Amino acid sequence: MKKLLFFLTILIAVAVAIPLSCSKDVKGRTDDTAPLQPAKTDLDGGTWKPVLLTGPTEFAVPAPAATNTPDYIAQINEIKTWQADLTNDEKAIVKYWSAGAILRWNEILRELVAKHNLPPYQNEDGTYPAPNANNPLAYPQFPFSNPPYAARAYAYVSAAQYDALVAAWHYKKLYNRPAPYKVDATINVLIPQTDLPSYPSEDAVVVGAAVEMLKLLFPGDQDYIQQKAEEHKRARIIAGANVRSDIEAGEALGKAVAQKFVTRARSDRAGAAIGNQAQWTQLETDCIARGEKPWYSLEAPKRPPMLPIFGKVKPFLFDSLTAVSLRPGPPPLTGSDKMKQETNEIYDYVNNPTRERLRIVHFWADGAGTYTPAGHWDAIAAEDFITKNYSELRWARNMALLNMSLMDASIVCWDTKYFYFNPRPTQLDPRIKTLTGIPNFPAYISGHSTFSGAAAAILSHIVPEKAAAYNAMASEASLSRMYGGIHYRADCEVGLQVGKNIGGYAVERAKIDGAGN
């Protein structure tokens, strides 16, 4: 009966959501974003430091045909044929994709994360099923896109897109084939013109990398992903931005580079992050052996801990030994006066909520069905990046720096959580009634605080004029977990500092990657 009610609730939510999502009166925050018109082309971007590639020529791109060949002229005519009878839908997809390839694919990724950010419902016997990557359409569908999984997905997609674009920029400068509208002035250009060479197409590079990574990360959504990819490629031809051979070369390059990231992802130890009953029991046993009160799930029936071995996943910005060295010292002892004082502070917060604190709790909740904390920071960054008029390459580089820091923050945070296995405030004081959902993993250190500290550090480097605002947002995100009743002060303050330390690694990388600022 419980399961039936669970699914009925979901069906009702979907029934409400679908009409809203189809309504032409409901606009997204970036629906009317102006076409991307980079302030500079970053033409030397092929020399920037990649993440995994050994160099920009690791994957060869053949020389393009000359622009006076019959084959190229036929491709120009394909553009003219499309443009001769454009429908409103075709004009709409040009407008949508012209806002920027990195922006739009990051938004698509956030949508997929939110769609899959739902914990599985329990079985009749009180156990919980787990998503299976080898059978992604069976219940529960793969993946359960929880915060660590999501942070890893954002990082892999962003880093693959960046590396692929570094290679693309090398070949653009090498071959220097002009955009079709510079070859044939009769083409009706539907996007801002640029002096950047068009071969291989930067948009198609992003498409190729995104499709390959998303096939791995969201295998049950391949039809949707492929539909968006075809729409994106068609938009570039309709707009007069690329001929078909620009697109084909770009897509092939993006896919080839992405395979290098797929290989890394298959062996980064994330597949074992869920652990097993013996490991879950050992975490509790070790905590008790230290004389501490262990964390336990507050769900009914008790749910297994979320990804207790995620702290062993291979990071991007440093090696695994460094990740362990970034683990902070212990939290206050569960029986100490300090812990009692911090627990009482949380009790006071939840019993004396103010309108402003409630706003903060809900704004930063990032629970089931959302982009997760990492995606929340991606959305914040994207809105700021839109105003900067970056090239696609610089967009990708900045998103990669942000998302690698967020993934590595999740690794260090999860390592810390399961090393100390510290209980939540509601466990130490059942009188505490939280104002937001209680995450199903140990308290110390706060994930929101760690994510936010990392994001604020790297974003302050990328957009220095907003450093104060980013740090204020990070502090607010951290405090939201205390106001909501799910974290102690030590969880938040230490988490924020650990996150800033991790973000510092991204800043150091940014200083030497050749991109400048």
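Here the structure is a predicted model, which means the values were calculated and not measured.

Moving on, we come to empty space enclosed by the protein. Tallied over the full model, the rule gives three cavities of 30 Å³ or more. If you trace the largest cavity, you find 26 residues lining it, with Leu36, Ile191, Thr194, Glu202 and Arg236 closest to the centre. Looking at the lining of the largest cavity residue by residue, the classes come out as 11 nonpolar, nine polar and six charged.

Moving on: the UniProt feature "domain: Phosphatidic acid phosphatase type 2/haloperoxidase" (unreviewed entry) in the protein chain. Mapped onto this numbering, the UniProt entry annotates "domain: Phosphatidic acid phosphatase type 2/haloperoxidase" (unreviewed entry) at residues 404-499. Secondary structure across residues 404-499 divides into 68% helix and 0% strand, with the first and last C-alpha atoms of the span separated by 12 Å.

A rise of 1.5 Å per residue sets the reference length of helix H2 (residues 70-84), with its 15 residues, at 21 Å; its end C-alpha atoms lie 21 Å apart and thus fit the reference within 8%. Of the positions making up H2, those classed as buried are Tyr72, Gln75, Ile76, Ile79 and Gln83. The buried residues of H2 occupy one face: seen down the axis, they fall within an arc of 100°. Along H2, the residues that are exposed and aim more than 90 degrees away from the buried face are Pro70, Thr81 and Ala84. Those residues of H2 that are buried are in contact with helix H6 (180-183), helix H8 (222-238) and helix H9 (244-266).

Right, let's get into unusual backbone geometry. Geometrically, the link from Phe142 to Pro143 is a cis peptide bond, its omega value of -5° lying close to zero. Within the secondary structure layout, Pro143 lies in the loop between helix H4 (101-116) and helix H5 (147-175). Here Tyr444 and Ile445 are connected by a cis peptide whose omega angle stands at 5°. With respect to the secondary-structure elements, Ile445 resides in the loop between helix H16 (425-428) and helix H17 (447-462). A positive phi angle is found at Phe421, which is not glycine, with a value near 55°. Judged by relative accessible area, which is 3%, Phe421 ranks as buried.

The rules behind each value
- Residues numbered from 1 in each chain as written.
- Predicted model: local features only at pLDDT ≥ 70, side-chain atom pairs only at ≥ 80, totals over all residues.
- Heavy atoms only, no water.
- 1 Å grid on protein atoms, 1.4 Å probe; cavity = no way out; pocket = protein on both sides within 12 Å on 5 of 7 lines; lining within 4 Å.
- Points joined across faces, edges and corners; volume = space filled by probe spheres on them.
- Nonpolar A, V, L, I, M, F, W, Y, C, P; charged D, E, K, R; others polar.
- UniProt positions renumbered as here; feature names shortened; annotations may be inferred.
- Helix = DSSP H or I, 4+ residues; strand = E, 2+ residues; numbered from the N terminus.
- Expected span 1.5 Å × (residues − 1).
- Buried < 20%, exposed > 50% of the residue type's maximum accessible area, 1.4 Å probe, protein only.
- Arc of directions from axis to C-beta.
- Contact = heavy atoms within 4.5 Å.

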